[in-house]
Every structure is written in C-alpha cells, then in structure tokens.
Amino acid sequence: MNKLSIYAATIIFSFTTSVFAQDQIERMHADVMQSFTPANVKWQDEPILPKGAKSAILVGDPSKKGVFIAWLKFPANYPIPPHTHPFTEVVTVLSGKLGNGMGKVLDKTKGEMLKAGSSFVLPTGHTHYVWTTEEETIVELIATGPWDITYTNPGDDPRKNKTSK
C-alpha cells in the first residue's frame, strides 16, 4: 500500500469514527449502568399533554436535538386528542392498554387497541390520537428531539388552555 492510499484511508476512517461518535445515544450518566422500573423512575407532570399524564425521561433530553427515550404514564379512561409530531415516534405499550387511531377526530371505533408488548411507529406529521381503557397505562416513547406536539384543535393544547381535562 502506498503512502497516498494510507493517507486516504486515515482520512476516511477519521470521518467515519466522527460520524459514529455523533450518533451515540447520550445517557444521563454515561459512566453508570442504569436499570429502570415504574417504581424507581422520577415521574413528573407532562405539560404538553392533557392533565393527568406523567413522564419519566430515561435517556437523552426531549427539548434538545437527538434521540431520547421516555416513559409516559396515562390514567384510566384518558384521551389525547388528535395531534401531530415533528419527528417519527416509536411507541411500545409496557403495561395496560392503549388505543391508537389515525385522523382529525377522536373515534375509538376506527382505531386499534394495543396490549402490553405491542408497538407502533408513527411517521412524522401523521395526525393521530390515543386513549386508555379502565386501567392505568405506561408506554415507552423513543423519538427524536426537540419533541413537540401540535393539536388539531388548538383549544385542546394544555399549554394554551390551563383548564384542560
């Protein structure tokens, strides 16, 4: 191998490792292995969802650019009105049941009911809605930040309507 080939290979390797390094998922405490259970995470009110939803951020920061993982906890008989998100989401039901439907009107007869262990991938900008049944439900959300939600009906947005359900 001549010097030019070695030099070219070194440059390519440098760019490749730089790209892979930027693609790593940032952990809250990168030097410590972490385990999560519903009992040991720090649940907080989730202000971009209707009152009653709680969230726990496991990895990353939803307010910043990059991948994050969060758990969302919804009470029984809880609806999230039709809305869109700016990036693709992967949602997995960890406990309980989650109804998921597509469209600009919340219609439980047109959606599907997902049980624990089920997942769905929601493409960017697709209008959807979710709801729970008679039991509390916990889901895992894997998405790209900055995370946001745009409600089809602006009156459903709890950030604008402080008396939301």
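Here, the structure is the one placed above.
Here is a short report on the structure shown in this document.

### A word on the overall build of the protein
Scanning the protein from terminus to terminus reveals 1 helix and 11 strands. The order of helices and strands in the protein, counted from the N terminus, is α-β-β-β-β-β-β-β-β-β-β-β. Long-range pairs, those at least 24 residues apart, make up 70% of the contacts in the protein between residues at least 6 apart in sequence. Accessible surface, the protein: about 10200 Å² in total, of which carbon and sulfur atoms supply 58%.

### With respect to the sheet that holds strand 3 (residues 66–74)
On the basis of which strands lie adjacent, the open sheet formed by 6 strands has the order 1-2-3-10-5-8 and antiparallel pairing. Looking at which strands have only one partner, the edges of the open sheet turn out to be strand 1 (44–45) and strand 8 (119–122).

### What to know about the sheet that holds strand 6 (residues 97–102)
Strands belonging to one sheet form pairs held by backbone hydrogen bonds; the direction of such a pair is parallel or antiparallel. Judged by pairing direction, the sheet is antiparallel, and its 5 strands sit side by side in the order 7-6-9-4-11 without closing on themselves. Edge positions in the sheet fall to strand 7 (112–115) and strand 11 (150–151), since each has one partner strand and no second. Pairing of strand 4 (residues 79–84) with strand 9 (residues 128–132) involves 3 bridges; the strand directions are antiparallel. In the sheet register, P79 faces strand 9, and the bridge partner there is W131.

### Digging into the layout of surface pockets
Of the voids in this model, the largest pocket is the one considered here, and its volume is about 310 Å³. Taken together, 21 residues line the largest pocket, and the ones lying closest to its centre are Q44, E46, S55, I57 and P62. Within the residue set of the lining of the largest pocket, elements represented by two or more residues are strand 1, strand 2 (54–59) and strand 3. With 4 residues, the top contributor of residues to the lining of the largest pocket is strand 2. When grouped by side-chain class, the residues that make up the lining of the largest pocket number 14 nonpolar, 3 polar and 4 charged.

### Remarks on the pattern of salt bridges
Throughout the structure, instances matching the rule amount to 4 salt bridges. Note that D61 and K64 form a salt bridge whose closest N and O atoms lie 3.8 Å from each other. Residue D61 is classed as partly exposed on the basis of its relative accessible area, which comes to 30%.

### Structural notes on the environment of V139
Within the secondary structure layout, V139 lies in strand 10 (residues 137–145). Distance in space between the C-alpha atoms of V139 and V91 is 6.5 Å, their sequence separation being 48 residues. Beyond its immediate stretch of four places on either side in the chain, V139 contacts A70, W71, L72, F74, V91, T92, V93, L94 and L98.

Cut-offs applied
- Residues numbered from 1 in each chain as written.
- Predicted model: local features only at pLDDT ≥ 70, side-chain atom pairs only at ≥ 80, totals over all residues.
- Heavy atoms only, no water.
- Helix = DSSP H or I, 4+ residues; strand = E, 2+ residues; numbered from the N terminus.
- Contact = heavy atoms within 4.5 Å.
- Areas by Shrake-Rupley, 256 points an atom, 1.4 Å probe, with all protein chains shown as cover.
- Pairing = 2+ DSSP bridges.
- 1 Å grid on protein atoms, 1.4 Å probe; cavity = no way out; pocket = protein on both sides within 12 Å on 5 of 7 lines; lining within 4 Å.
- Points joined across faces, edges and corners; volume = space filled by probe spheres on them.
- Nonpolar A, V, L, I, M, F, W, Y, C, P; charged D, E, K, R; others polar.
- Salt bridge = Lys/Arg side-chain N within 4 Å of Asp/Glu carboxyl O.
- Buried < 20%, exposed > 50% of the residue type's maximum accessible area, 1.4 Å probe, protein only.

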